[in-house]
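Now for the letters of each chain:
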Amino acid sequence: GIQVEQSPPDLILQEGANSTLRCNFSDSVNNLQWFHQNPWGQLINLFYIPSGTKQNGRLSATTVATERYSLLYISSSQTTDSGVYFCAVERDFNKFYFGSGTKLNVKP
Amino acid sequence: EPEVTQTPSHQVTQMGQEVILRCVPISNHLYFYWYRQILGQKVEFLVSFYNNEISEKSEIFDDQFSVERPDGSNFTLKIRSTKLEDSAMYFCASAPGPRETQYFGPGTRLLVL
């Protein structure tokens with residue numbers, strides 16, 4: 001199957017700092033999504049972004065499909081941003097592969 | 001706001017027993033998914049379901065697993081004979097269409113003893 005690598009695996013930030021999370025994938029994909037898993041385990045979809053750039057408040061994401069990577073930007077981080085960020089890709093229709101995640105800890 | 005619900009929130013079972021995990025997807029969604037997450041690990045895709053049949057399944061989804069949409073609202077995952085390594089959080093998700101945002105339920109934590 002397709003390999004999905006996320007970096008960094010762990011990230012500690014001071015509140016207010018900015019960060020960039022990266023997702024690399026080993027083959028062309030039809031779909032890419034970013035999720036946030038909060039400390040209580042709930043998975044929340046952040047972006048559906050097979051290509052291009054999208055913004056939602058302090059978060060934005062860019063996918064460069066031809067170069068097989070996606071970036072998630074978090075600006076002015078808050079403690080509520082803590083948790084694990086996963087990217088998931090779909091190559092074969094309706095079959096998804098997740099990366100191992102970036103664990104983010106935002107300190108007050 | 002509509003949400004995906006899952007029951008039970010926790011289940012403890014003995015190895016070899018059958019378990020059924022239940023999900024109620026968002027009402028106008030047409031695509032349904034099951035994922036699992038072993039504690040501390042990444043989320044793994046199990047199966048996708050559309051139009052009352054399996055669309056895709058992963059290597060994990062072997063003959064011990066089955067899915068069903070028994071009525072217009074529920075979507076179930078059955079594990080026929082549980083093993084210790086089936087202990088995990090199981091998430092259900094639904095989406096209105098293909099290649100659209102998936103909405104996840106809160107999960108069922110399954111512990112096999």
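Computed from a predicted structure; not experimentally measured. Every residue gets a number counted from 1 within its own chain, in the order that chain's sequence is written. The lettering of chains begins at A and the numbering of ligands begins at 1, in the order of writing. Note on the predicted model: pLDDT of at least 70 is required for a residue's local features to be given, and 80 or more for side-chain atom pairs to be given and counted; whole-chain, interface and lining totals, by contrast, use all residues. Working from all heavy atoms in the structure, the side-chain values ignore hydrogens and water.

(A) Inspection of the interface of chain B and chain A at higher detail. If you look at the interface, chain B gives 23 residues, while chain A gives 20 residues. Take a side-chain nitrogen of Lys or Arg and a carboxyl oxygen of Asp or Glu: if they are within 4 Å of each other, that pair is a salt bridge. Counting across the chain B and chain A interface gives 2 salt bridges. Polar contact is the term for a pair of N or O atoms within 3.5 Å; when the atoms are in protein, one must be able to donate a hydrogen and the other to accept it, and sequence-neighboring residues count only if both atoms are side-chain atoms. Across the contact surface, chain B and chain A share 7 residue pairs in polar contact (both at pLDDT 80 or more). For the side of chain B that touches chain A, the secondary-structure elements that each account for two or more residues are β4 (31–37), β5 (43–50) and β6 (53–57) of chain B. Contacts: residue pairs with any heavy atoms within 4.5 Å of one another. A run of DSSP states H or I qualifies as a helix once it reaches four residues; a run of E qualifies as a strand once it reaches two. Both are numbered from the N-terminal end.

(B) Local environment of unusual backbone geometry. Put simply, Ser7(A) and Pro8(A) share a cis peptide bond, and its omega is -10 degrees. Residue position: Pro8(A) is located in the loop between β1 (4–7) and β2 (10–14). Cis rather than trans, the peptide bond between Thr7(B) and Pro8(B) has omega equal to -10 degrees. If you trace the backbone, Pro8(B) turns up in the loop between β1 (5–7) and β2 (10–13). Positive phi outside glycine occurs at Asn94(A), with the angle close to 65 degrees. Its location among the elements puts Asn94(A) in the loop between β9 (83–90) and β10 (96–98).

(C) Structural detail: the state of the cysteines. We call a pair of cysteine sulfur atoms a disulfide whenever their separation is within 2.5 Å. All chains considered together, the criterion is met by 2 disulfides over all chains. The residue that forms a disulfide with Cys23(A) is Cys87(A), at a sulfur-sulfur distance of 2.0 Å. The S-S bond linking Cys23(A) to Cys87(A) shows a torsion near 70 degrees; that makes this disulfide right-handed. With a gap of 64 residues between them, Cys23(A) in strand β3 (residues 19–25) and Cys87(A) in strand β9 connect regions that are remote in the sequence. Note on classification: 1.4 Å probe, protein chains only; a residue is buried when its accessible area is under 20% of the maximum for its type, exposed when over 50%, partly exposed between these limits. Residue classification places Cys23(A) among the buried positions, given a relative accessible area of 0%. Looking at Cys87(A), the relative accessible area reads 0%, which means it is buried. Two residues, Cys23(B) and Cys92(B), share a disulfide whose sulfurs are 1.9 Å apart. Between Cys23(B) and Cys92(B), the disulfide has an S-S torsion of -60 degrees and is therefore left-handed. Here the residue Cys23(B) occupies a position in strand β3 (residues 19–24), and Cys92(B) occupies one in strand β9 (residues 88–95), the gap between them amounting to 69 residues. What makes Cys92(B) buried here is its relative accessible area of 0%.

(D) Inspection of the packing of aromatic side chains at higher detail. Only Phe, Tyr and Trp rings are paired, with Trp represented by its six-membered ring, and only when their centres lie within 6.5 Å; those with planes under 30 degrees apart are stacked, over 60 edge-to-face, the remainder tilted. Enumeration according to the criterion identifies 16 aromatic pairs over all chains in this entry. Aromatic side chains Phe96(A) and Tyr33(B) sit 5.5 Å apart centroid to centroid with 80 degrees between the ring planes, which places their arrangement in the edge-to-face category. One end of the pair, Phe96(A), is in strand β10; the other, Tyr33(B), is in strand β4, on a second chain. According to the relative accessible area criterion, Phe96(A) is buried, its value standing at 5%.

(E) Region of interest: the pairing of strand β6 (residues 52–56) of chain A. Residues and elements named next belong to chain A. Of all 5 residues making up β6, only 0 are buried, and the element is barely covered by its neighbours. DSSP bridges decide pairing: two strands pair if at least two such bridges lie between them. In terms of strand pairing, β6 meets strand β7 (residues 59–64) through 5 bridges, oriented antiparallel. By the bridge assignment, Asn 56 is partnered in β7 with Leu 59.

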